Amino acid sequence: MTAPLPLPGDNRLGCVIEDLASKGWSWQPGFLPDALLIALREEIHALEAEAALAPAGIGREDAFQVDHSIRKTRITWLDDSSPAQLAFSDWAEHLREALNRSLLLGLFEFEACYAVYPQGGFYDRHLDSFEGAKNRIVSLVVYLNDEWSEDDGGALVVWPEGAGEDDTPAATLVPEGGGVVLMLSEAIPHAVQPTARQRYGIAGWWRVNQAIDGQVIPIS
Ligand SMILES: O=C(O)CCC(=O)C(=O)O
Ligand SMILES: [Fe+2]
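Residues numbered from 1 in each chain as written. Chains lettered and ligands numbered in written order. Predicted model: local features only at pLDDT ≥ 70, side-chain atom pairs only at ≥ 80, totals over all residues. Heavy atoms only, no water.

- Going by an unreviewed UniProt entry, the protein carries the name Fe2OG dioxygenase domain-containing protein and comes from Hyphomonas beringensis.
- Word for word, the UniProt comment on the protein under Cofactor (unreviewed entry) is "L-ascorbate". (UniProt positions renumbered as here; feature names shortened; annotations may be inferred.)

1. Observations concerning the packing of helix H2 (residues 34-49) against helix H3 (residues 83-103)
Phase 1: Between H2 and H3, the least distance of the axes is 9 Å, while the angle of their chain directions is 135°. Relative to H3, the element H2 lies oblique. Crossing hand, H2 versus H3: left-handed. Judged by residue contacts, Leu 36, Ala 39, Leu 40 and Glu 43 of H2 engage Ala 84, Gln 85, Ala 87, Phe 88 and Trp 91 from H3.
Phase 2: Looking at side-chain class alone, the contact of H2 with H3 contains 7 nonpolar, 1 polar and 1 charged residues. (Axes fitted to C-alpha atoms, helices over the stretch in contact; angles between N-to-C directions. Helix = DSSP H or I, 4+ residues; strand = E, 2+ residues; numbered from the N terminus. Parallel < 35°, antiparallel > 145°, perpendicular 65-115°, else oblique. Left-handed = near helix turned anticlockwise from the far one by under 90°. Contact = heavy atoms within 4.5 Å. Nonpolar A, V, L, I, M, F, W, Y, C, P; charged D, E, K, R; others polar.)

2. What about the coordination of the iron ion (ligand 2)?
Phase 1: The iron ion (ligand 2) binds to the protein through His 126 (NE2), Asp 128 (OD) and His 190 (NE2), with metal-donor distances spanning 2.0 to 2.1 Å.
Phase 2: Between consecutive donor residues of the iron ion (ligand 2), the sequence gaps follow H-x1-D-x61-H. Linking Asp 128 in the loop between strand E5 (123-126) and strand E6 (136-143) with His 190 in strand E10 (residues 190-192), this pair joins segments that are 62 residues apart in sequence.
Phase 3: On the basis of relative accessible area, His 190 is assigned to the buried category, the value being 4%. (Donors = N, O, S within 2.8 Å, 3.2 Å for Na, K, Ca; no water. Buried < 20%, exposed > 50% of the residue type's maximum accessible area, 1.4 Å probe, protein only.)

3. As for the site of ligand 1
Phase 1: Near ligand 1, the surroundings consist of Tyr 117, Tyr 123, His 126, Asp 128, Val 141, Tyr 143, Leu 156, His 190, Val 192, Arg 199, Ala 203 and Trp 205.
Phase 2: Contact between ligand 1 and Tyr 143: an oxygen atom at 2.5 Å from a side-chain N or O atom of the residue.
Phase 3: Within the side chain of His 190, a nitrogen or oxygen atom sits 2.9 Å from an oxygen atom of ligand 1.
Phase 4: Burial of ligand 1 by the protein chains amounts to 96% of its free accessible area of 300 Å².
Phase 5: Only E5, E6, E10 and strand E11 (199-208) provide two or more residues apiece to the shell around ligand 1.
Phase 6: At 3 residues, the largest contribution of residues to the shell around ligand 1 is made by E11.
Phase 7: Residue classes in the shell around ligand 1 are distributed as 8 nonpolar, 2 polar and 2 charged. (Near = heavy atom within 4 Å. Polar contact = N/O pair within 3.5 Å; in protein donor to acceptor, adjacent residues only side chain to side chain. Areas by Shrake-Rupley, 256 points an atom, 1.4 Å probe, with all protein chains shown as cover.)

Encoded structure:
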């Protein structure tokens, strides 16, 4: 490592960038601003109460499926339709700009969804970049839980790039409210362990621009 590590709290964005460059993922507890955490938490609770969340699928949109052996979550896509979602988009945009400036990733579009894991919910080990569509570059996960402890389960297990299923994970992260995870979508395998309580968060991804000179690059 050539540059000195920025201190946490001093320069959290610097830590995120250093982590992504050196190991491909970053865990930042308490990184989401408190006011934003409260607003998003209120909204996800309201949506859940309205049962507005549909079961999540796996795979590309054209191969949409729901398979409870791999994933048990309910999601609803964010669409900037509330002040909380607009504030979240702004916050994510600052992150995008910082990542592009420092890591030259060319991140372009952002998409995100609220995700509720019911008691017993989980997500088996996977990569976020769908096979055949290499355009999800950086994944962002934000936790909206209140008072989460290790005993509540639902930890995010992160493996180093290239690690097999039986290899030792790099980290097991307790999904405390306000905690933020960033991962290189094509490189970092991860899984959500079964949760003992309803587990709230946002999962998002930045994509690169699929069109160059107005021509859409075909997915190979
Ligand atoms: O909620 C998490 O901790 C991770 C979720 C995830 O891996 C995903 O939605 O792709
Ligand atoms: Fe994921």
